Amino acid sequence: AILVTSDWDYHVSALAAVARAAAARGDADRAEALARTLVEIGNVHQDGGLVTVVNALAEAGQVDRAVAIAQWEPHRAPVLAAAAGALAAAGEPRRAEAIADTIAEPDGQAEALVLMAFHGPAAQARGLLARAFCTGHWSLAMSMVGDLAPEVVLAVARDRLAAADPGATPSSRRFPWSPPW
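What this report covers is the structure whose coordinates are included nearby. As the structure is a prediction and not an experimental result, all values here were calculated from the model. (Residues numbered from 1 in each chain as written. Predicted model: local features only at pLDDT ≥ 70, side-chain atom pairs only at ≥ 80, totals over all residues. Heavy atoms only, no water.)

Turning our attention to the overall build of the protein chain. When helices and strands are tallied, the protein chain shows 10 helices and 0 strands. Starting at the N terminus and ending at the C terminus, the protein chain contains elements arranged as α-α-α-α-α-α-α-α-α-α. A separation of at least 24 residues holds for 52% of the contacts in the protein chain among residues at least 6 apart in sequence. Looking at the protein chain as shown, the accessible area adds up to about 10100 Å², and 56% of this sits on carbon and sulfur atoms. (Helix = DSSP H or I, 4+ residues; strand = E, 2+ residues; numbered from the N terminus. Contact = heavy atoms within 4.5 Å. Areas by Shrake-Rupley, 256 points an atom, 1.4 Å probe, with all protein chains shown as cover.)

Bringing the pattern of salt bridges into the picture now. Counted by the stated rule, this structure contains 9 salt bridges. Close ionic contact of aspartate 29 with arginine 65 constitutes a salt bridge, the shortest N to O distance being 2.5 Å. In this pair, aspartate 29 sits in helix α2 (residues 28-41) while arginine 65 sits in helix α4 (residues 63-70), placing the two residues 36 residues apart along the sequence. Relative accessible area serves as the criterion here: at 24%, arginine 65 is assigned to the partly exposed category. A salt bridge links arginine 65 to glutamate 32; the nearest nitrogen and oxygen atoms lie 2.6 Å apart. Within this pair, whereas arginine 65 is found in helix α4, its partner glutamate 32 is found in helix α2, the two being separated by 33 residues in sequence. Look at glutamate 32 and you get buried, because its relative accessible area is 16%. (Salt bridge = Lys/Arg side-chain N within 4 Å of Asp/Glu carboxyl O. Buried < 20%, exposed > 50% of the residue type's maximum accessible area, 1.4 Å probe, protein only.)

What follows is the structure, encoded as structure tokens:
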């Protein structure tokens, strides 16, 4: 298929969708060829497309191929994070951690850790989430953290409240403005 457009988001999304369909029907070679096309585009729009291809191949049972594609562009943190999540989901937490440790960008590494916690063994989730909070911005993937361990979100909220007003308790805290109701 030939796409004639100057809209890079559309171009990347279309290629990624075709790659996802190829992976779903077991044509990993075609999905990989489309991933190579995404890399050749060579701009900021390719990350989302490569993440889609990595996830599609992992879901199709081609985890090693997904990881190999993610490693083509070692500076692409979201793509490596997707590979780490895929490895965790495949039951390979040590390989997932090795991939996460290669991510230089703190928020990208934190994203990988959260994906590993979400997709990996429950026994490791708390430790991975703690590392994610220490590594990247605390709000990076709060909805995922809330799904995995709501008590962690509540503990963070309590700590932030205590830091803002050491004498405050959740019940003594008042809005600084009047709610409209």
